[in-house]
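Below, each chain spelled out in residue letters.
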Amino acid sequence: MTWSILARDARTGALGLLCASRALAVGAVVPYGAGRTGAIATQAFANPFFGVDGLRMLQDGCSSQEVVSALAALDEGRDHRQVHVIDRAGCVAAHTGPACIEWSGSVCGPDVSVAGNMLAGPQVVEATLAAYLAAQALDFDERLIVAMEAGERAGGDKRGRQSCAIRIWTEAPFPSFDLRVDDHAAPLAE
């Protein structure tokens, strides 16, 4: 019921996450991150421990792939969950459980990961990634927004739209930029 983009700005080292969903207040559930550490999006039947435990593992020096593998292995609900992670070096990893509602999956590029479930189709994550990669001249926050707008135009969440959230982490363990639209007919347009 959600799709998101995680990225690392190669120019500044900032980490960002933008998520959108037909669910109410997606920003209260999906995004986790910390400056100089990484970012995590827990989706589908979101497991907040993926964010809490995953960040701890990233802080301890684990790679994004080690984090995703460990989180999925320990969770009995893994078949219904989706998680993707970007670490401080920009390496990405993702898990989409086989019981996630179609369409579900992920794509990635250099310093970026896009994942979603209950989407109109794979074109949503593909358009999101393509728009992000094509917008290198924009500021980091604008690149994330342009990317998600492209995914929305490609069909987005197949049930419609309701909420979105963007967070960017620079040096601190808390976001330097944190904006949520919890309940709106066109959250990405706000």
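Whatever comes next refers back to the structure up there.
Residues numbered from 1 in each chain as written. Predicted model: local features only at pLDDT ≥ 70, side-chain atom pairs only at ≥ 80, totals over all residues. Heavy atoms only, no water.

Whenever I open this one, the sheet that holds strand β9 (residues 163–169) confuses me. Can you help?
Hydrogen bonds between backbone groups are what pair the strands of a sheet, and the pairing can be parallel or antiparallel. Spatial strand order, β7-β8-β1-β2-β9-β10: six strands in an open sheet with antiparallel pairing. Two strands lie at the open edges of the sheet, namely β7 (105–109) and β10 (177–181), each paired on one side alone. Looking at each pair of strands side by side, their axes are set apart by 5 degrees on average, direction ignored. Where strand β1 (residues 2–8) and strand β2 (residues 15–21) come together, seven bridges link them in antiparallel fashion. Paired with Ser4 across the bridge in β2 is Cys19. On top of the sheet, helix α3 (residues 123–134) reaches β1, β7 and β8 (112–117); it is set at about 155 degrees to β8, its chief contact. (Pairing = 2+ DSSP bridges. Helix = DSSP H or I, 4+ residues; strand = E, 2+ residues; numbered from the N terminus. Axes fitted to C-alpha atoms, helices over the stretch in contact; angles between N-to-C directions. Contact = heavy atoms within 4.5 Å.)

Would you explain the side chain of His95 in this entry?
Looking at where His95 falls in the secondary structure, it is placed in strand β6 (residues 92–96). His95 sits in the buried class, given a relative accessible area of 16%. A distance of 2.9 Å separates a polar side-chain atom of His95 from the backbone oxygen of Arg78. Ignoring anything within four residues of it in the chain, the contact list for His95 reads Val68, Ala72, Arg78, Arg81, Gln82 and Val83. (Buried < 20%, exposed > 50% of the residue type's maximum accessible area, 1.4 Å probe, protein only. Polar contact = N/O pair within 3.5 Å; in protein donor to acceptor, adjacent residues only side chain to side chain.)

Explain the sheet that holds strand β3 (residues 31–34) here, please?
Strand order in this open sheet of four strands is β3-β4-β5-β6, and the pairing throughout is antiparallel. With one partner strand each, in any of the chains shown, β3 and β6 form the two edges of the open sheet. Strand-to-strand twist across the sheet, computed as the mean angle between neighbouring axes with direction ignored, equals 10 degrees. Sheet analysis places β3 next to strand β4 (residues 38–44), joined by four bridges and oriented antiparallel. Among the inter-strand pairings, Pro31 is bridged to a residue of β4, identified as Ala41. Contacting β3, β4 and β5 (81–87), helix α1 (residues 48–59) runs over the sheet at an angle of about 160 degrees to β4.

Looking at this model, I keep getting lost on α3. Mind explaining?
Quick reminder: α-helices carry 3.6 residues per turn. Residues three or four places apart thus point the same way. With twelve residues, α3 ought to run about 16 Å at 1.5 Å a step, and its terminal C-alpha atoms sit 16 Å apart, in line with that. Residues of α3 that are buried sit in contact with β1, β7, β8 and α4 (140–153). (Expected span 1.5 Å × (residues − 1).)

Is there a simple way to explain the environment of Thr128 in this structure?
Position of Thr128 among the secondary structure elements: in helix α3. In sequence terms Thr128 and Leu144 are 16 residues apart; their C-alpha atoms lie 8.8 Å from each other. Of note is the side chain of Thr128, whose polar atom sits 2.7 Å from the backbone oxygen of Val124.

Please explain the nonpolar core as it appears in this structure.
One broad rule of soluble globular proteins: the nonpolar side chains tend to lie buried together. Among the nonpolar cores identified, the biggest contains 24 residues, and Trp3, Ile5, Tyr132 and Leu144 are the most heavily contacted of them. Looking at this core, the elements with two or more residues in it are β1, β2, β8, α3, α4 and β9. Core analysis: the next-biggest nonpolar cluster, separate from the first, contains twelve residues, Ile40, Met57, Val68 and Val83 among them. (Core = buried A, V, L, I, M, F, W, Y, C linked by side-chain atoms within 4.5 Å.)

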